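# Understanding the architecture of this molecule
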Amino acid sequence: MSLTQDLDNFRAQARTVHIPADKIALMDQATQELVTAGTAQTSLNVGAQVPDFTLPNAVGAPVQLSTLLAQGPVVISFYRGGWCPYCNLELRALQQALPEIQALGASLVAISPQTPDNSLSTAEKNSLTFAVLSDSGNTVARQFGLVFELPSYLQEVYAGFGIDLPTSNGDGRWELPIAATYVITPEGRVAYAFIDPDYTQRLDPADIVSALKALPVTVA
């Protein structure tokens, strides 16, 4: 089963069994407001030069984008956090696709605003072997144009679910990145971008593999 099918199945079950209708309505309202705001249209997209960055991985070791790009293409997945079931489905699907991604000469990193400790918990929970990076204060996500603040009514919904973003992210803010996936060329340009304000939608790893295969071959 594909990631897209898994997400669709989980979404249907969550909406019919697990989440009250009034909460779903508020979550949908927030998603529509994010669509209307046009954040996805103003974020980094195909052809853009990606700013270099260095972020700590789950054990605190620095990972620099330019170092990874010196080895080949890089796939970057911005996710919301280990508390998000859609993110966990995506991360596990990326792990399954990792051998094929690496076989194409690419590196894979996942970025969230979580603290390193919470990133480590996410990596361990999902048995991830690729780099899971902590973007404190959404600094890098902000450079990509992905950051938004949750409206107060959605903050209340999340708090009711036991989701405390100011604590899990360690920055005192109710901010998140739009879940997005980028395929970056070794020259540091965006070759493929998936940016969807609907947090239940993610790029299927099969599409990542196709995007990597479409990159021009560089002869050393």
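Our subject in this report is the structure included herewith.

### Re the pairing of strand E8 (residues 180-184)
- With 5 of its 5 residues buried, E8 lies for the most part within the structure.
- Burial along E8 is two-sided: the residues Ala180, Tyr182 and Ile184 and Thr181 and Val183 are all buried.
- If you look at the hairpin formed by E8 and strand E9 (residues 190-195), you'll find 5 residues sitting between the two strands, and glycine 188 has a positive phi there, around 90 degrees.

### Observations concerning the nonpolar core
- Counting residues in hydrophobic clusters, the biggest one holds 71 residues, and the most contacted among them are Ile76, Phe144 and Tyr182.
- Looking at this core, the element that brings in the most residues is helix H5 (residues 85-103), giving 9 residues.
- With near-sequence residues (within four places) excluded, phenylalanine 144 lies in contact with Ser43, Leu44, Val50, Pro51, Phe53, Ile76, Phe78 and Tyr182.

### Digging into H5
- A rise of 1.5 Å per residue sets the reference length of H5, with its 19 residues, at 27 Å; its end C-alpha atoms lie 28 Å apart and thus fit the reference within 8%.
- Residue alanine 97 marks the point of greatest curvature in H5, where the axis turns by about 50 degrees; the proline proline 99 follows within four residues.
- Those residues of H5 that sit buried are Tyr86, Cys87, Asn88, Leu89, Glu90, Leu91, Ala93, Leu94, Gln95, Ala97, Leu98 and Ile101.
- Packed against the buried residues of H5 are helix H1 (3-18), strand E3 (74-78), strand E4 (107-112), helix H6 (116-125), E8 and helix H10 (205-213).

### Some words on H10
- Among the residues making up H10, those that are buried are Pro205, Ile208, Val209, Ala211 and Leu212. With its buried residues spanning 160 degrees around the axis, H10 presents them on a single face.
- Residues of H10 that are buried make contact with H1, E3, H5, E8 and E9.

### Comments concerning empty space enclosed by the protein
- Applying the stated rule across the entire model yields 1 cavity of 30 Å³ or more.
- Space inside the largest cavity adds up to approximately 130 Å³.
- Lining the largest cavity are 14 residues, with Leu34, Arg80, Phe148, Pro197 and Tyr199 positioned closest to its centre.
- Mapped by element, the contributors of at least two residues to the lining of the largest cavity are helix H2 (21-37) and helix H8 (152-160).
- Looking at the lining of the largest cavity, the element that brings in the most residues is H2, giving 4 residues.
- Of the residues in the lining of the largest cavity, the class split is 12 nonpolar, 1 polar and 1 charged.

### Some thoughts on the side chain of threonine 181
- Locating threonine 181 in the fold gives a position in strand E8.
- Residue classification places threonine 181 among the buried residues on the basis of a relative accessible area of 2%.
- Not counting residues up to four positions away in its chain, the partners in contact with threonine 181 are Val75, Ile76, Ser77, Glu90, Tyr192, Ala193, Phe194, Leu203 and Ile208.

### Focus: the sheet that holds strand E5 (residues 131-134)
- Pairing within the open sheet is mixed, and its 5 strands lie in the order E5-E4-E3-E8-E9. For this open sheet the edge positions go to E5 and E9, each flanked by a neighbour on one side alone. Averaged over all neighbouring strand pairs, the angle between strand axes comes to 20 degrees, with direction disregarded.
- Sheet topology note: the E3/E8 ladder contains 5 bridges and is antiparallel.

### Examining the packing of H5 against H10
- Interaxial distance between H5 and H10 falls to 9 Å at its minimum, and their mutual angle equals 25 degrees. One element, H5, and the other, H10, form an angle in the roughly parallel class. Our pair here, H5 against H10, has a crossing hand that is right-handed. Only Pro205, Ile208, Val209, Leu212 and Lys213 of H10 make contact with H5, whose side of the interface consists of Ala93, Leu94, Ala97, Glu100 and Ile101.

### Notes on the pairing of E5
- Pairing of E4 with E5, which is carried by 4 bridges, proceeds in the parallel orientation. Pairing of isoleucine 111 across the sheet is with leucine 133, part of E5.
- Regarding topology, H6 serves as the crossover connection from E4 to the parallel E5, and that connection is right-handed.

### Structural notes on the pattern of salt bridges
- Across all of its chains, the model carries 5 salt bridges by this definition.
- Salt bridges linked by common partners bring Arg142, Arg173 and Glu175 together as one network.

About the criteria used
Residues numbered from 1 in each chain as written. Predicted model: local features only at pLDDT ≥ 70, side-chain atom pairs only at ≥ 80, totals over all residues. Heavy atoms only, no water. Buried < 20%, exposed > 50% of the residue type's maximum accessible area, 1.4 Å probe, protein only. Helix = DSSP H or I, 4+ residues; strand = E, 2+ residues; numbered from the N terminus. Pairing = 2+ DSSP bridges. Core = buried A, V, L, I, M, F, W, Y, C linked by side-chain atoms within 4.5 Å. Contact = heavy atoms within 4.5 Å. Expected span 1.5 Å × (residues − 1). Bend = angle between axes of the 7 residues up to and from the residue. Arc of directions from axis to C-beta. 1 Å grid on protein atoms, 1.4 Å probe; cavity = no way out; pocket = protein on both sides within 12 Å on 5 of 7 lines; lining within 4 Å. Points joined across faces, edges and corners; volume = space filled by probe spheres on them. Nonpolar A, V, L, I, M, F, W, Y, C, P; charged D, E, K, R; others polar. Axes fitted to C-alpha atoms, helices over the stretch in contact; angles between N-to-C directions. Parallel < 35°, antiparallel > 145°, perpendicular 65-115°, else oblique. Left-handed = near helix turned anticlockwise from the far one by under 90°. Right-handed = clockwise from strand over helix to strand, strands pointing away. Salt bridge = Lys/Arg side-chain N within 4 Å of Asp/Glu carboxyl O.

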